[in-house]
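# Chains, contacts and geometry: an overview
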Amino acid sequence: MHKKILLFCSLPILSLLFTSCVKEVEAPAPYGALPSESQLAWQQMEYYMFIHFGPNTFTDVEWGDGKEDPKVFNPTQMDCRQWASIAKEAGMKAIIITAKHHDGFCLWPSQYSTHTVRESLWKDGKGDVLRELSDACKEYGLKFGVYLSPWDQNHPSYGTPEYNEVFANTLAEVLGSYGDVFEQWFDGANGDAHKGKRQEYDWDLFHKTVYSYHPQAVIFSDVGPGCRWMGNEKGIAGETNWSRLNIKGFEPGLGAPPSDTLTRGNINGEAWVPAETDVSIRPGWFYSPRTDNQVKNLNQLMDIYYTSIGRNSNLLLNVPPSREGRIHPNDSARLMEFRQAIDDSFARDLAQGASLHAINTRGGSAKYKAEHLLDEAYDSYWAADDDVLSTAIEITLQKPETFNRFLVQEYIPLGQRVAAFSLEIWDENTANWEMIADGTTIGYKRILRFHQVTTQKLRLNIKEALACPVLNKVEIYNAPEHFYTSSAEGADKADEIVALAEKWNIDSPAEKGNRDIIDGNMHTTRTFSNLEPIILNLGETLSLQGFSYTPADNMFASHITKYNLYVSEDGSEWKEIRKEAVFNNIKNNPIRQDVWFSDPVEARYVKLEALETTTNTTSYTIAEIKVMVE
Ligand code: FUL
C-alpha cells in the first residue's frame, strides 16, 4: 500500500522531470524562399555536360539563321555512347543537349518542323540524336536534359501568337518521347528583336507543358523558375551569390534583370532560383576545327571550378562534338585531367578527426552540435540559437597541418542565411588569431582558396546572418596549386596564317594610339566614339582569306553587333564583302569573331563599318583586328 501511494504520487513528477530533460529543442524555422525537393537534388548534382551540336557544327557559325541547308548536318561517325562514357568518366552527372538552337533545326524528326534531322543526309534522314543520346545516358547512369530555344529563325509562324502553340507542341513531343528529363533549358537569346520580330512568349503555357510531363524537372532560364542563368558565359559566379531572386515583373531574355543581378542574386529575393554556370570548354559554343588547340587548359578549368561550384552554383560545362559526331580527343583528354585534378585537390579532408567547439549551440542540444559539420549525413547540422546572428566555431586539428582550401556548406533546406564570414588561423608564435580569408555568402557550397598555411587551430567566424546560422559541413584540404596540361596550349591555329602586322597602319580614324588594335596584344583596347569606319592599310597587296575582330574582354563594354566589311586594292574603290552582317552572341560571349571569305581576295585595304553596337550607342571597343592570308 505504502509503495503504491509512492508510485502514484511520484509519476507526474517523474514524467515532468523526464520531459524537461529530453525535451526536443525546436529546429530553426526556415528562412525566406526555400528550395523544392527537386531543386535540392539538382543542386547536389553540381557538375554536368552541355552539348552544342547541330548545323552550326558544320557551318562554323555560333548562330545559324535558319536558312542553312539541313543537308549540311551529316556527322560521319556519330557516337552518343562516346559522349556519355566521357561525361561519366569526367565525373559529370548528366548531359543537356541543344535539341533545337536558334536556327530552329531539330535534332529529332519533329512533326512540327521541316528543318530537322529527317531533312538531313545523316542516316538517310532516319536518325534521331535525342533517341541515341537519351539511350546512352540511361546506359551510363546519367540524367538527360534538353535545351530548346524559344527564338526560332526557321519556323514560319515565329513572331505570331500561333508560334506559342507550335513551341508548346514541340516541347511536348520531346518531353513525352525520351524518358526522364531532369532539366529543361530555355535560352533567353533573341537576336531578331532588333528587326521588330518580337515574339510574345506564353511562358505559363511552356511551364505547364514541362511540368505536365516531368513534374520534377528543373526549368532553367534567366529567371528560373527552377534555376537561373548566372549572368555571364565566362564561368565566374558572384563572390556574393544568393540563391534567392526577385522574379516578379521579369521574363527570360529581353525582360530579364541586369546580368550582374543574375550573377549575385537578391539577398531577400522572393523566389528560390539558384545559379547555374554555363561555360564552354572552347571559345565558342559550337565545335570548330579552328579551336582544336584552344581547349581551356587545366588551370583555367580549375579556376572555373572554384568560381562556379565553389561559389554556390552548379557547373554546366559545354563540350561540343566535332563534325564526326564525336568528342574531340583534345577535349576528352582535358576532361580526364580536370577530373584527376579535382580528385587530387579534394583527396584527404584534414578536418576529419578534429575537435570542434561552437561558441553557441542551439539550446545547448547535442542534436545541433558542431560535430555534425564533420559527418557525411546531409540532414545533420549545427545551428545557433534564434537570437544569435554572429558567432564562431573553433576547429582543433589532431596535429598541425598545412592546407590552402576551406569548404563550408549551409543547410539550404532551411534557407540561405549567412551574409558575411571569415576564417582565421591560430598563430603559435604571436599567440594571435590571423585572418586568412573572408567572404559574404556561403549557400549550398562555398570553397575558399588561399595560400598554404600551417596551423592546428582554425576559427570560422559567422559575422552576419539574416537568421541564426545553420551549417552542415566543413572540410579542409591541401590542394596542388598548379596543374599542367598534356598538350601544347594556346597555339591559335588561325593565328598561324595571320599576316605580319609591322607594315600595317590604321588610316582611319588617324590617331596614333589606334595602332593598339593591331599590336597583337588583346589587353590594349581602344574605344571608338562614333561610327566612323576603321580602315586598315596592310602596306602591300595580300591575298586575304578572312578578317577577325576581337572586342574588349568585358561583357559590359560596348561591342559591334552589326557591320559592313569592304576590301580595296587602292583605298578608293571598295568591294563589299559583308553587308549588314551580324556578330552573333557577342554581348554575352565577347570573343574573337572570325569572318571567312568564300574566296580569297587580293586587297591592300580593309574597311570595317560598325552599324550597331551591343549598347545601342555609337561607341564600341576593339582589342584587335586581323586578316587571315593564304
Ligand atoms: C546563349 C546562346 O545564344 C548561345 O548560342 C549558347 O547557346 C548559350 C548557351 O546561350 O544564349
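Residues numbered from 1 in each chain as written. Predicted model: local features only at pLDDT ≥ 70, side-chain atom pairs only at ≥ 80, totals over all residues. Heavy atoms only, no water.

## Details of the site of the ligand
Taken together, 13 residues surround the ligand, and among them His52, Trp63, His101, His102 and Asp187 come closest. About the coverage of the ligand: the protein hides 96% of its 290 Å² of free accessible area. When the residues that make up the shell around the ligand are grouped by side-chain class, the tally is 6 nonpolar, 4 polar and 3 charged. (Near = heavy atom within 4 Å. Areas by Shrake-Rupley, 256 points an atom, 1.4 Å probe, with all protein chains shown as cover. Nonpolar A, V, L, I, M, F, W, Y, C, P; charged D, E, K, R; others polar.)

## Here we look at the domain arrangement of the chain
Where interface size is given, it is often the accessible area lost as the parts come together that is meant. Taken domain by domain, the chain consists of domain 1 (37-345), domain 2 (355-477) and domain 3 (493-629). The centre of domain 1, based on its C-alpha atoms, is set 31 Å off from the matching centre of domain 3. Facing the 15 residues of domain 1 at the interface are 13 residues of domain 3. Among the residues of domain 1 in contact with domain 3, Trp63, Glu233 and Arg290 are the three that bury the most area, contributing 42% of the side total. Remark: the boundary between domain 1 and domain 3 carries 2 salt bridges. Inspection of the domain 1/domain 3 interface yields 5 residue pairs in polar contact (both at pLDDT 80 or more). Along the lines of polarity and charge, the residues of the side of domain 1 that touches domain 3 split into 4 nonpolar, 6 polar and 5 charged. (Domains from an automatic or database assignment. Contact = heavy atoms within 4.5 Å. Buried area = accessible area lost by both parts, 1.4 Å probe. Salt bridge = Lys/Arg side-chain N within 4 Å of Asp/Glu carboxyl O. Polar contact = N/O pair within 3.5 Å; in protein donor to acceptor, adjacent residues only side chain to side chain.)

## Some remarks on the packing of aromatic side chains
Counting across every chain of the model gives 38 aromatic pairs. Aromatic pair Phe58 and Phe73: ring centres 5.5 Å apart, planes at 75°, arrangement edge-to-face. You can see Phe58 sitting in helix 3 (residues 55-59) and its partner Phe73 sitting in the loop between helix 3 and helix 4 (80-89), a full 15 residues away along the chain. Taking relative accessible area as the criterion, Phe73 reaches 0% and is therefore assigned buried. Relative to Trp433, the ring of Trp426 lies with its centre 5.3 Å away and its plane at 70°, an arrangement referred to as edge-to-face. Given a relative accessible area of 22%, Trp426 falls into the partly exposed group. Across from the ring centre of Trp426, 5.1 Å away, lies the NZ or CZ of Lys457, which sits over that ring. Here the basic side chain of Lys607 rests over the ring of Tyr566, its NZ or CZ set 5.0 Å away from the ring centre. (Phe/Tyr/Trp six-rings, centres within 6.5 Å; stacked < 30°, edge-to-face > 60°. Helix = DSSP H or I, 4+ residues; strand = E, 2+ residues; numbered from the N terminus. Buried < 20%, exposed > 50% of the residue type's maximum accessible area, 1.4 Å probe, protein only. Lys NZ or Arg CZ within 6 Å of the ring centre and 35° of its normal.)

## Description of the pairing of strand 9 (residues 275-280)
Within strand 9, 6 of the 6 residues are buried, which leaves it mostly tucked inside the rest of the structure. Residue alternation in strand 9 divides its side chains into two sets, Ala275, Thr277 and Val279 and Glu276, Asp278 and Ser280, and both sets are buried. Examined bridge by bridge, strand 9 and strand 10 (residues 313-318) share 6 bridges and lie parallel to one another. Bridge pairing in strand 10 links Val279 to Leu317. Between strand 9 and its parallel partner strand 10, the chain crosses via helix 9 (residues 298-307), and the hand of that crossover is right-handed. (Pairing = 2+ DSSP bridges. Right-handed = clockwise from strand over helix to strand, strands pointing away.)

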